[in-house]
Amino acid sequence: MSPFQFIRSLCTLALAPLLTFAVSAASLSDVLWFRKSEVKAQVFPRYWGRILCRLAGVRVRVEGMTNLDPRQTYIFAANHCSQYDIFSFQGYFPHDFRWIGKKELFRIPIFGQAMHRLGYIAIDRSHGRQALQSLDEAAKRIASGSSVLIFPEGTRSSDGALQEFKTGAAVLAIKAGVPIVPLGFSGSSRVLPKGRLLPRGGEIVIHIGAPISTRQYRTADKQVLATELHAAVARLLGHAPSAGDDPK
């Protein structure tokens, strides 16, 4: 890492918490007292993602937007190997969406209130009736028109390799009755791999695959859909040949 990159990486690390608080406060103020629009207030987290990318010298490119209908609600499902998956998607993905987050995040002062007011969806990650109820509520929110991004691996990959997918994203898509879109983040692991604090400059490419219809699936088919989704993300990342490709 060059001295210039080291300095900008330190600045990014130092400014990230302050920027997050400022954006949360601005979003909350806007939706409560000024424009009072959840959709318009999304501009603040969008700036948050872009600033964090630019501070670190990260360029973002989105490929495959022609696969999406801007009027359609989707569940986006992606590989996850870096915090910069979140920053790049928030800053540069043009389709309207909301985040799904564990309920504990919504208890953080200012930040949690902003998440709630901006339409983000809380999920109970424990086991039992409350977890199932939160899943059903999330599915209803999605069905009513809230596209979301989910990382089916459940946690960041430590080495950048695609891990096995859990079935939560598949269950949500089936319950909500909306298409699920495979996404592949390339380059984010090099920018900030799991376990590192200082990001490096570089390019992140967000690959958008063709939506997968969930109409033919039932909840009992969740593992089948999760497996199909995993294969689609792997193809986007170049880990497996596309259907019809010459294997030679």
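Student: Would you explain the overall build of the chain in this entry?
Tutor: On a plain count of helices and strands, the chain comes out with eight helices and seven strands. Whereas a compact globule of 248 residues would reach a radius of gyration of roughly 18 Å, the chain reaches 18 Å, a difference of no more than 12%. Expressed as a percentage of the 248 residues in the chain, the buried residues total 46%. Sequence-distant contacts in the chain: of pairs separated by 6 or more residues, those separated by 24 or more amount to 71%. Of the roughly 12900 Å² of accessible surface on the chain, 56% is carried by carbon and sulfur atoms.

Student: Help me understand the layout of surface pockets in this model?
Tutor: It is a probe the size of a water molecule, rolled over the atoms, that shows where empty space is left. Its volume calculated, the second largest pocket comes out at about 170 Å³. In terms of lining residues, the second largest pocket is bounded by Lys 103, Ile 121, Ala 122, Ile 123, Asp 124, Gln 130, Gln 133, Ser 134, Glu 137, Ala 138 and Arg 141. For the lining of the second largest pocket, the secondary-structure elements that each account for two or more residues are β4 (121-123) and α5 (129-143). No other element matches α5, which puts six residues into the lining of the second largest pocket. Its residues placed into classes, the lining of the second largest pocket shows four nonpolar, three polar and four charged.

Student: Explain the sheet that holds strand β5 (residues 148-150) to me, please; I cannot follow it from the model alone.
Tutor: Whether parallel or antiparallel, the strands of a sheet pair through hydrogen bonds between backbone atoms. An order of β1-β7-β6-β2-β5-β3-β4 is seen for the seven strands of this open sheet, with the pairing classed as mixed. Looking along the sheet, the strands with just one partner apiece sit at the ends: β1 (58-63) and β4. Shown here is a sheet whose adjacent strand axes are inclined to one another by a mean of 30°, direction ignored. For strand β3 (residues 98-102) and β4, the ladder comprises three bridges, and the chain directions are parallel. In the strand pairing of β4, Gly 101 is matched with Ala 122. Across the sheet, helix α6 (residues 168-176) touches β2 (75-78), β3, β5 and β6 (180-186), and the angle it forms with β2 is around 165°.

Student: Explanation requested: the nonpolar core in the structure shown.
Tutor: In globular proteins that are soluble, nonpolar side chains generally tend to be buried together. Within the largest apolar cluster, 35 residues are counted, with the highest numbers of intra-cluster contacts made by Val 58, Phe 76, Tyr 84, Phe 89, Leu 149 and Leu 183. Contributions of two or more residues to this core are made by α1 (3-33), α2 (43-56), β1, β2, α3 (83-92), β6 and β7 (202-208). When near neighbours in sequence (up to four residues on either side) are disregarded, Leu 149 contacts Phe 76, Ala 77, Ala 78, Phe 89, Arg 98, Trp 99, Ile 100 and Leu 183. Listed in part, the 30 residues of the second largest apolar core include Phe 165, Val 178, Tyr 217 and Leu 237.

Student: Explanation requested: the side chain of Ser 27 in the structure shown.
Tutor: Relative to the assigned elements, Ser 27 resides in helix α1. Ignoring anything within four residues of it in the chain, the contact list for Ser 27 reads Ala 41, Phe 44, Pro 45 and Leu 118.

Student: What's the story with the pattern of salt bridges in this structure? I'm lost.
Tutor: Here the idea is simple: oppositely charged side chains can pair when their charged atoms come close. Scanning the model with the defined rule gives seven salt bridges in all. Here Arg 61 ties to Glu 63 by a salt bridge, and the two come within 2.2 Å at their closest N and O atoms. Under the relative-accessibility criterion, Glu 63 is labelled partly exposed at 33%. Overlapping salt bridges bring together Glu 38, Asp 96 and Arg 98 as one network.

Student: Looking at this model, I keep getting lost on empty space enclosed by the protein. Mind explaining?
Tutor: Inspection of the entire model under this criterion finds one cavity of 30 Å³ or more. What the largest cavity holds in volume is close to 50 Å³. Around the largest cavity, the lining residues are Gln 42, Arg 46, Gln 90, Phe 93, His 95, Asp 96, Phe 97 and Arg 98. Considering only residue class, the lining of the largest cavity consists of two nonpolar, three polar and three charged.

Student: Is there a simple way to explain the packing of α6 against helix α8 (residues 222-236) in this structure?
Tutor: Pairs of packed helices are described in terms of their axes, by the angle between the two and the distance that separates them. Following both chains from N to C, one finds α6 and α8 inclined at 115°, their axes separated by 8 Å at the closest point. Relative to α8, the element α6 is oriented roughly perpendicular. Judged by the sense of rotation from one axis to the other, the crossing of α6 with α8 is right-handed. Note on element contacts: α8 touches α6 through Lys 222, Leu 225 and Ala 226, opposite Ala 170, Val 171 and Ile 174.

Student: Looking at this structure, how should I read the confidence of the model for the chain?
Tutor: Do not read the fine detail of predicted coordinates wherever pLDDT is low. Scored by pLDDT, the chain comes out at a mean of 89, with 94% of its residues at no less than 70. Low confidence marks residues 240-248, where pLDDT is under 50. Its contacts with residues over four positions away, or in another chain, come to five contacts.

Student: What is the right way to look at the packing of aromatic side chains in this model?
Tutor: The geometry of two aromatic rings is summed up by the distance between their centres and the angle between their planes. Overall, the coordinates contain 12 aromatic pairs when judged by the stated rule. An angle of 50° between the planes, with centres 5.7 Å apart, marks the rings of Tyr 74 and Phe 76 as tilted. Here Tyr 74 falls in the buried class, since its relative accessible area comes to 3%. Exposure remark for Phe 76: the relative accessible area of 0% places this residue in the buried category. Members of the aromatic cluster, connected to one another through ring pairs, are Tyr 74, Phe 76, Phe 89, Phe 93, Phe 97, Trp 99, Phe 151 and Phe 185.

Rules of the game
- Residues numbered from 1 in each chain as written.
- Predicted model: local features only at pLDDT ≥ 70, side-chain atom pairs only at ≥ 80, totals over all residues.
- Heavy atoms only, no water.
- Helix = DSSP H or I, 4+ residues; strand = E, 2+ residues; numbered from the N terminus.
- Rg over C-alpha atoms; globule rule 2.2 N^0.38 Å.
- Buried < 20%, exposed > 50% of the residue type's maximum accessible area, 1.4 Å probe, protein only.
- Contact = heavy atoms within 4.5 Å.
- Areas by Shrake-Rupley, 256 points an atom, 1.4 Å probe, with all protein chains shown as cover.
- 1 Å grid on protein atoms, 1.4 Å probe; cavity = no way out; pocket = protein on both sides within 12 Å on 5 of 7 lines; lining within 4 Å.
- Points joined across faces, edges and corners; volume = space filled by probe spheres on them.
- Nonpolar A, V, L, I, M, F, W, Y, C, P; charged D, E, K, R; others polar.
- Pairing = 2+ DSSP bridges.
- Axes fitted to C-alpha atoms, helices over the stretch in contact; angles between N-to-C directions.
- Core = buried A, V, L, I, M, F, W, Y, C linked by side-chain atoms within 4.5 Å.
- Salt bridge = Lys/Arg side-chain N within 4 Å of Asp/Glu carboxyl O.
- Parallel < 35°, antiparallel > 145°, perpendicular 65-115°, else oblique.
- Left-handed = near helix turned anticlockwise from the far one by under 90°.
- pLDDT = per-residue confidence, 0-100.
- Phe/Tyr/Trp six-rings, centres within 6.5 Å; stacked < 30°, edge-to-face > 60°.

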